[in-house]
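Here are the chains, one letter per residue:
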Amino acid sequence: MSDYNVGDLVSDFLSENNVDTAFGVVSVHNIPMLDAIARRNRINFVPARGEMGAGHMADGFARSKNGLGVVFTSTGPGAANITGALVEARFAGASLLHITGQTATENLDKKQGTVHEVPNQLDMLKSVSKKAFRITSSEEALSVLEEATKCALTPPTGPVSVEIPIDVQRSLIKKPDNIPNVKIDQKDLFLGDKNSIDQIEKNIRNSDRKVLWIGNGAKTLKSEVKEFIDLGFAVVTSTQAKGVVDEDNKMCLGAFNAVPKVENFYSTIDLMIVVGSRLRGHETRDMSLKLPTNLVQIDIDPEAKDRTYKTSFFHLGDAKKVLTELLNRLSDHPNPKQEWLEEVSTLRDSVLDEYKSFLGVYKNFPEIVRECLPKGGRWIRDVTISNSTWGNRMMPLFDATENIYPVGAGIGPGMALAIGASMAKDDVKSIAMCGDGGFMLNLPDLWTAVEVNSNVVFMVMNDKGYGVIKHIQDSLYGGRKNFADLTVPNFLELAKTVKMKYILVSSSSEFKEKLKNAFNLPGPVLLEIDVLSVGEMPRYFVPPPFTKKDK
């Protein structure tokens, strides 16, 4: 009789679908699958120090590769530990396949207290995943894996969880003659109502001052967005769509989508087309940003309609197909007026100059990082003052895959995102900017970074506390910095402990030389920026105007 089991099938399915790297933590309820991966030696398995870190690594890998990330956890506590990472992957729309064990089928949902059993695990995973599946028999294993993978890769993309009970993993089966290769065919994606596209075309032809707002759902449409620029569209992006066009393009305002000068500019606009963006409250001042009256939205998700802003027109369809259709129709569109191009370029330069002056001693950090970062290197960040002020805006990017950060604004994923992202692009060195507070949340995975020789500079902005929180406490809570001051490690001693190379920056004048040195060193490097020596951070938080009710 064959000794081929469902664990073997999981490994073969992933390999046949071009998965070459997976992340996770080995445990009693996933050994059959990980044992199969090890025996075949076709997939590089990265053993993280915790499930949360493993999930963020797979997320960073997926974004960096613009493909599928795979993570394995155990059931119960292991599955619970990854929920924060699944939440972040869902915020980011990362194509993540989370495979977790389960207790044996005869014990499922009976609350018998078997090892790792938690009540309603599947419901827990459904609440944080795009979709969650349970494989209940060996016969359905292949079809469920195929469906789950397709779900993760189909726009709007997101994390998908699959439970496989331990007895099902061990079940002996006949090896399939063919294992399906899951591909999302562009031809199968939805163009939408052509009468609706007629309306958008007419709107474009009747407008002179036009802006394209690009979000995550369109961040890979580099050539299409560039063609819209050639038609005379200015471009703004969500933070996640930075790099959809080279940000040195004079018609690209980047992620400066909500600064006062740009908001004033919107009041003069004839037409704004929003493509693949939720117009998130986090980037529109909780929907108080005033957008043009003539607001057209294109999205593959029907729930996007009027979700944050009431639009004048909504088109349901795939961003790439819709933009391609419009470009074909607009081939005879007249060239934009020179005065309009100059106006947008002047606005762009003015916004950049004004914002740079706000950064104080850190004003040259973005251009220094950009100069030192090799072509193709990833710009990974955690939630820090530095990222919230300049990392998300001033750092110019040339491709969306370079741009990786916690979209859900949760503190701590930066290190793990960087490990995963760098493994998808290990031929060049990447950089991860973390705060000292966030760096502590996944500290055990610093050993993972060394073990897999991550090609990353971990740049830790050390201000000895939660700097973002302190700024909010200064602005709104009378300067009472309760619970925001932390005891942090001696980073030199930490680097020695994990056997990682270490460099200290104590002044802005030495930043460029030491960053270059860090990029020239092989393997992972811990680069500490002593913020208390370099100088005060720019102010992250300005209090909003309060209503009488708020007071």
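Above this text you will find the structure in question.
Residues numbered from 1 in each chain as written. Predicted model: local features only at pLDDT ≥ 70, side-chain atom pairs only at ≥ 80, totals over all residues. Heavy atoms only, no water.

Q: Can you help me understand the side chain of threonine 401 in this one?
A: With respect to the helices, strands and loops of the structure, threonine 401 is situated in the loop between helix H15 (385–391) and strand E14 (403–404). In this structure the side chain of threonine 401 is engaged in a polar contact, spanning 3.4 Å, whose partner is the side chain of arginine 378. Engagement of the side chain of threonine 401 in a polar contact is seen with the side chain of aspartate 399, the distance being 2.6 Å. With near-sequence residues (within four places) excluded, threonine 401 lies in contact with Arg63, Ser64, Asn66 and Arg378. (Helix = DSSP H or I, 4+ residues; strand = E, 2+ residues; numbered from the N terminus. Polar contact = N/O pair within 3.5 Å; in protein donor to acceptor, adjacent residues only side chain to side chain. Contact = heavy atoms within 4.5 Å.)

Q: What am I meant to see in the environment of leucine 347 here?
A: Here leucine 347 is to be found in helix H13 (residues 338–358). When its relative accessible area of 14% is taken as the criterion, leucine 347 is described as buried. Residue contacts for leucine 347: discarding those within four places in its chain leaves Leu253, Lys261 and Phe265. (Buried < 20%, exposed > 50% of the residue type's maximum accessible area, 1.4 Å probe, protein only.)

Q: Can you walk me through the sheet that holds strand E10 (residues 271–275) in this structure?
A: Each strand in a sheet pairs with another by means of backbone hydrogen bonds, the pair being arranged parallel or else antiparallel. Read across the open sheet, the six strands follow the order E9-E8-E7-E10-E11-E12; overall the sheet is parallel. The open sheet has two free edges, formed respectively by strand E9 (252–254) and strand E12 (313–316), since each of these has just one partner strand. Strand-to-strand twist in this sheet, taken as the mean axis angle between neighbours without regard to direction, amounts to 15°. Relative to strand E8 (residues 233–237), strand E7 (residues 210–214) runs parallel, the two being bridged by five bridges. Within E8, the residue paired with lysine 210 across the bridge is phenylalanine 233. (Pairing = 2+ DSSP bridges. Axes fitted to C-alpha atoms, helices over the stretch in contact; angles between N-to-C directions.)

Q: What should I look at first to understand the sheet that holds strand E6 (residues 159–165) in this one?
A: Taken together, six strands build an open sheet; the order of strands is E2-E1-E3-E4-E6-E5 and the sheet is parallel. The sheet is open, and its two borders are formed by strand E2 (44–47) and strand E5 (131–134), each paired with just one other strand. When the angles between neighbouring strand axes are averaged without regard to direction, this sheet yields 20°. Of the pairings in the sheet, the one linking strand E4 (residues 96–102) to E6 comprises seven bridges and is parallel in character.

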